[in-house]
Amino acid sequence: MKFFIKILFTVLIVFFAGPYLPFWSIALFIMLLNTFIETKILISILSGLLGWGLCWFFVAQSLAVGDSMLIHEKVSEIFNSIPM
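Reference entry: report on the structure contained in this document. Just so we're clear, the structure is a prediction, and the values are computed from it rather than from any experiment.

1. Here's the deal with a nonpolar patch on the surface
Moving on, step 1. There is a patch of nonpolar side chains on the surface, built from Ile41, Leu42, Ile45, Leu46, Leu49, Leu50, Leu54, Trp56, Phe57 and Phe58 and spanning about 1100 Å² of accessible area.
Moving on, step 2. Classification of Leu49 by relative accessible area gives exposed; the value is 58%.

2. With respect to helix α2 (residues 23-36)
Moving on, step 1. Taking 1.5 Å per residue, 14 residues should reach 20 Å; α2 reaches 20 Å between its end C-alpha atoms and fits that length.
Moving on, step 2. Inspection of α2 places Ser25, Ile26, Ile30, Leu33 and Asn34 among the buried residues, and these make up the whole buried set.

3. Some points on the environment of Trp52
Moving on, step 1. For Trp52, the location among the structural elements is in helix α3 (residues 41-66).
Moving on, step 2. Distance from Trp52 to Ile26, taken between C-alpha atoms, is 9.6 Å for residues 26 residues apart in sequence.

4. Some points on the packing of aromatic side chains
Moving on, step 1. Tallying each qualifying case throughout the model produces three aromatic pairs.
Moving on, step 2. Look at Phe15 and Phe16: their rings are 5.1 Å apart centre to centre, the planes differ by 80°, and that puts the pair in the edge-to-face class.
Moving on, step 3. The exposure class of Phe15 is partly exposed, given its relative accessible area of 45%.
Moving on, step 4. Where Phe57 meets Phe58, the ring centres are 5.4 Å apart and the plane angle is 70°; that geometry is what we call edge-to-face.

Analysis parameters
- Residues numbered from 1 in each chain as written.
- Predicted model: local features only at pLDDT ≥ 70, side-chain atom pairs only at ≥ 80, totals over all residues.
- Heavy atoms only, no water.
- Patch = residues over 30% accessible without salt bridge, like charges linked within 9 Å, V, L, I, M, F, W, Y side chains within 5 Å.
- Areas by Shrake-Rupley, 256 points an atom, 1.4 Å probe, with all protein chains shown as cover.
- Salt bridge = Lys/Arg side-chain N within 4 Å of Asp/Glu carboxyl O.
- Buried < 20%, exposed > 50% of the residue type's maximum accessible area, 1.4 Å probe, protein only.
- Helix = DSSP H or I, 4+ residues; strand = E, 2+ residues; numbered from the N terminus.
- Expected span 1.5 Å × (residues − 1).
- Phe/Tyr/Trp six-rings, centres within 6.5 Å; stacked < 30°, edge-to-face > 60°.

Keep in mind these numbers describe shape, not what the thing actually does.
Structure below.
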């Protein structure tokens, strides 16, 4: 249960503080979160990585869907033009 709580708090920290703070300060906030909610070291690392990754994924997906997948089309054109 602590694992999911840590992931939720990590997503909230990254989502709300991400646009205003550099990435290393967000990592410090996540480290502080892991000191207050004590679990094993592997669980702490995984919760931080999964929380940060999930937040990044959902923000990127919402931007891509809102942009009608324009970025995906341009990247696929670039990779299709590379001779193999």
